[in-house]
Amino acid sequence: MDGALIIDKPAGITSHDVVARVRKIIGERQVGHTGTLDPFATGVLVILVGRVTRLAQFLSGAEKEYEAIIRLGYATDTGDATGRSISESKRCAEVPRGAIEAAFASLRGEIEQTPPMYSAKKVAGQKLYELARRGQEIERKPVRVTISKFESISHDDGLLHQNNDGTRDLKVRVVCSAGTYVRVLAEDFGKRLGVGAHLAELRRTRAGHFKIDDAIKLEQLNEFAQSNSIEQILISPHAALLHLPTVQLNADDVRRTLHGIDMQMEDSEWPGGQPLRMSFGSELVAVGTYDTNRNVVHPTVVIAIG
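So, here is what we can say about the structure in this document. (Residues numbered from 1 in each chain as written. Predicted model: local features only at pLDDT ≥ 70, side-chain atom pairs only at ≥ 80, totals over all residues. Heavy atoms only, no water.)

## Points about the overall build of the protein
Right, so step 1: On a plain count of helices and strands, the protein comes out with seven helices and 17 strands.
Right, so step 2: Overall, the protein is about 70 × 50 × 45 Å in size when its C-alpha atoms are taken along their principal axes.
Right, so step 3: The buried share of the protein, taken over its 306 residues, is 47%.
Right, so step 4: Surface summary for the protein: the accessible area is close to 15,500 Å², and the carbon and sulfur share equals 46%. (Helix = DSSP H or I, 4+ residues; strand = E, 2+ residues; numbered from the N terminus. Buried < 20%, exposed > 50% of the residue type's maximum accessible area, 1.4 Å probe, protein only. Areas by Shrake-Rupley, 256 points an atom, 1.4 Å probe, with all protein chains shown as cover.)

## Brief notes about the packing of helix α2 (residues 97-106) against helix α4 (residues 182-193)
In helix packing, the relevant descriptors are the interaxial angle and the interaxial distance, both defined with respect to the helix axes.
Right, so step 1: Look at α2 against α4: their axes get within 9 Å of each other, and the N-to-C directions meet at 130°. Overall, the two elements α2 and α4 adopt an arrangement that is oblique. Relative to α4, α2 is oriented so that their crossing is right-handed. Of α4, the residues touching α2 (which contributes Ala99, Ile100, Ala103, Phe104 and Ser106) are Phe189, Arg192 and Leu193.
Right, so step 2: Across the contact of α2 with α4, the residue classes break down as six nonpolar, one polar and one charged. (Axes fitted to C-alpha atoms, helices over the stretch in contact; angles between N-to-C directions. Parallel < 35°, antiparallel > 145°, perpendicular 65-115°, else oblique. Left-handed = near helix turned anticlockwise from the far one by under 90°. Contact = heavy atoms within 4.5 Å. Nonpolar A, V, L, I, M, F, W, Y, C, P; charged D, E, K, R; others polar.)

## Structural notes on the nonpolar core
Right, so step 1: Counting 32 residues, the largest nonpolar core has Ile70, Leu72, Phe150 and Phe189 as its most contacted members.
Right, so step 2: Of all the secondary-structure elements, those providing two or more residues to this core are β4 (64-72), α2, β8 (143-152), β10 (168-176), α4 and β11 (197-207).
Right, so step 3: With five residues, the top contributor of residues to this core is α4.
Right, so step 4: Ignoring any residue separated from it by four or fewer positions in sequence, one finds Leu72 in contact with Cys92, Leu160, Thr167, Arg168, Phe189, Gly190, Leu193, Val195, Gly196 and Ala197.
Right, so step 5: If you look at the next biggest cluster of nonpolar residues, it comprises 19 residues, including Ile6, Val52, Ala215 and Leu241. (Core = buried A, V, L, I, M, F, W, Y, C linked by side-chain atoms within 4.5 Å.)

## Comments concerning the layout of surface pockets
Right, so step 1: Estimated volume of the largest pocket: approximately 960 Å³.
Right, so step 2: Thr36, Leu37, Asp38, Ala120 and Arg183 are, among the 33 residues lining the largest pocket, the residues nearest its centre.
Right, so step 3: Counting only elements with at least two residues in the lining of the largest pocket, the list comes to α1 (15-26), β4, α3 (128-133), α4 and β11.
Right, so step 4: Partitioning the lining of the largest pocket into residue classes produces 11 nonpolar, 14 polar and eight charged.
Right, so step 5: The volume enclosed by the second largest pocket comes to roughly 490 Å³. (1 Å grid on protein atoms, 1.4 Å probe; cavity = no way out; pocket = protein on both sides within 12 Å on 5 of 7 lines; lining within 4 Å. Points joined across faces, edges and corners; volume = space filled by probe spheres on them.)

## Observations regarding the sheet that holds strand β16 (residues 283-291)
Strand pairing within a sheet occurs via backbone hydrogen bonds; the two strands may be parallel or antiparallel.
Right, so step 1: Strand order in the open sheet made by the five strands is β13-β15-β16-β17-β14, with mixed pairing throughout. What marks the edges here is a single partner per strand, and that holds for β13 (246-248) and β14 (263-264).
Right, so step 2: Pairing between strand β15 (residues 275-280) and β16: six bridges, direction antiparallel. The residue of β16 that forms the bridge with Arg277 is Val287.
Right, so step 3: Of the strands in this sheet, β13, β14, β15, β16 and β17 (296-302) touch helix α7 (residues 251-258), which is tilted by about 70° from β16. (Pairing = 2+ DSSP bridges.)

## Some words on helix α5 (residues 218-226)
Right, so step 1: For α5, every residue scored as buried is listed here: Leu218, Leu221 and Ala225. One face of α5 carries all of its buried residues, which in axial projection span an arc of 55°. Exposed and oriented more than 90 degrees from the buried face of α5 are Glu219, Glu223 and Gln226.
Right, so step 2: On its buried side, α5 packs onto β1 (3-9) and α1.
Right, so step 3: Backbone geometry just downstream of α5 places Asn228 in the positive-phi region, at approximately 55°. (Arc of directions from axis to C-beta.)

## Digging into the packing of aromatic side chains
Right, so step 1: Within the structure shown, the criterion is met by four aromatic pairs.
Right, so step 2: For the ring pair Phe104 and Phe150, a centre distance of 4.8 Å and an interplane angle of 80° mean the geometry is edge-to-face. Linking Phe104 in helix α2 with Phe150 in strand β8, this pair joins segments that are 46 residues apart in sequence. Each member of the pair, Phe104 as well as Phe150, is classed as buried.
Right, so step 3: For the pair Phe150 and Phe189, a centre-to-centre distance of 5.6 Å together with 70° between the ring planes defines the contact as edge-to-face. Placement of the pair is Phe150 in strand β8 and Phe189 in helix α4, with a sequence separation of 39 residues. (Phe/Tyr/Trp six-rings, centres within 6.5 Å; stacked < 30°, edge-to-face > 60°.)

## Re the pattern of salt bridges
Right, so step 1: Under the counting rule described, the total for this entry stands at 17 salt bridges.
Right, so step 2: For Arg206, the salt bridge is made with Glu63, and the minimal N-O distance between the two is 2.8 Å. Taken together, the residues span a long stretch of sequence, with Arg206 in strand β11 and Glu63 in the loop between β3 (42-49) and β4 at a distance of 143 residues.
Right, so step 3: Taking the relative accessible area as the measure of exposure, Arg206 reaches 15% and is therefore buried.
Right, so step 4: One salt bridge in this structure joins Asp188 and Lys191, with 3.9 Å as the shortest N-O distance. Here Asp188 and its partner Lys191 are both found in helix α4, three residues apart, which amounts to about one turn of the helix. (Salt bridge = Lys/Arg side-chain N within 4 Å of Asp/Glu carboxyl O.)

Right under this line is the structure:
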């Protein structure tokens, strides 16, 4: 079994838990994912099965899209609703639309983020959240991320929904580069407005070209497995890398590629280092890398079996 599955991750479990459940449901040992979702988050989790797990490097850097609720009124030690409040009050006054739009604008484009202590990022071999749980905080280097879209998806004039406890909720859409912490974006948004803030809800609606409409729940996956029809929902290796350009091979090219032999190309406008699908019809044979100096495609990861 080789391909990709798009799972609608439920809240309350880790991405690793989802991998373990998929492994058990489909009876396949080789299972992995292309981008972690926090336990409280839901939505698109791309699961790779079989030999396709070797293609994670070509998928993990894909652009992500989220729908989220930013709660204004207080900050938490984790940056999300699972943490404890670290603000003196839990109230938020009405915020002018102009201030909200200005805060959005200031956080679009290329920005720097400091990874949160409650994250799986490793520093000197230790996961930050393990240090945070022991009450330790260490210096973290900011990283550059790209926020392509950060906007409200509320439809009322006030934008903010007032809660009974005095906090206010703002529904937002975020399109960002891989490695972006939406929790940090929520916190920084609150700082722009001069109020504590955290992420109350987070749902990933897209990872690369995989959309939430294509996702299935774990219960549905189990039903497909019980009826021996997993193949109906398994995305082929070729389709999983739809975002990459394709080089079509003939039978002789396939034989050479399976042996790791470079494929000579005619002049091409591809940039050096460009990953390419090396395909025979609709079957992915390998993923290659284009070498501009020698004008060849080198098979980097061979998928097909000779």
